[in-house]
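Notes for the structure review
The primary structure of each chain is shown beneath.
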Amino acid sequence: MDARHKTGISNRGIGDNSGLAPTIAIRLKMFNSLTSYAGGCAPLDLDVPAGTVIGDLVRRFGVPRDKIFLVLVNGKDVTRQLGAPVNLERGLEDGDEVALSGPVPYSWGFGAPIV
């Protein structure tokens, strides 16, 4: 993240008449079967409106909710409780790193998930 985002929400548009809404900077990563929705596996650095939730990112990239099996925010699993749907209402903050993953492929040859 660049220096303008170290203190929280960007001050661009706050306290002036520019009409710009405050934004936050996040990094989005998609893994496994979801990489095609992000155009590949490279992380995406995005400026999004303050108040953005995970569901906003899912809708922005057209990822079907039922294809998401793991959601991490700053390395912490925020996916869901057992038996509940994926938590798309989790709010994001400036500097957050969000990772979305489809099911992890299984290697029959090695008997372990491929990561």
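Not measured: the values here are computed from a predicted model. (Residues numbered from 1 in each chain as written. Predicted model: local features only at pLDDT ≥ 70, side-chain atom pairs only at ≥ 80, totals over all residues. Heavy atoms only, no water.)

**Concerning the pattern of salt bridges**
Put simply, the rule is: Each reported salt bridge corresponds to a side-chain nitrogen of Lys or Arg within 4 Å of a carboxyl oxygen of Asp or Glu. Numbering goes from the N terminus for both helices and strands, where a helix is a DSSP run of H or I of at least four residues and a strand is a run of E of at least two.
One pass over the structure, following the stated rule, counts three salt bridges. Where Glu97 meets Lys29, a salt bridge forms, and the shortest distance between an N and an O atom there is 3.4 Å. Here the residue Glu97 occupies a position in strand E5 (residues 97–101), and Lys29 occupies one in strand E1 (residues 23–31), the gap between them amounting to 68 residues. Between Asp56 and Arg59 there is a salt bridge, with its nearest N and O atoms 2.9 Å apart. You can see Asp56 and its partner Arg59 sitting in helix H1 (residues 54–61), three residues apart, about one turn around the helix.

**Here we look at the environment of Asp96**
Formally: Contacts described as polar in this section are N or O atom pairs within 3.5 Å, which, within protein, must combine one atom able to donate a hydrogen with one able to accept it, while residues neighboring in sequence count only if both atoms come from side chains.
If you trace the backbone, Asp96 turns up in the loop between strand E4 (76–77) and E5. For Asp96 and Leu72, which are 24 residues apart along the polypeptide, the C-alpha to C-alpha distance reads 10.0 Å. There is a polar contact of 2.8 Å between the side chain of Asp96 and the backbone nitrogen of Glu93.

**So, the sheet that holds strand E2 (residues 44–49)**
For the record, the criterion: Strands are treated as partners if at least two bridges between them are detected by DSSP. What makes two residues a contact is simply this: any of their non-hydrogen atoms within 4.5 Å. Inter-axis angles, ranging from 0 to 180 degrees, are taken between N-to-C directions of lines fitted to C-alpha atoms, where helices are fitted over the stretch in contact.
Read across the open sheet, the five strands follow the order E2-E1-E5-E3-E4; overall the sheet is mixed. Of all the strands in the sheet, the pair left with one neighbour each is E2 and E4. Two strands pair when backbone bridges link them, and strand E3 (residues 70–73) and E5 are joined in this way by four bridges, in the antiparallel orientation. In the strand pairing of E5, Leu72 is matched with Ala99. Packing against the sheet, H1 makes contact with E1, E2, E3 and E5, and its axis sits at approximately 115° to E2.

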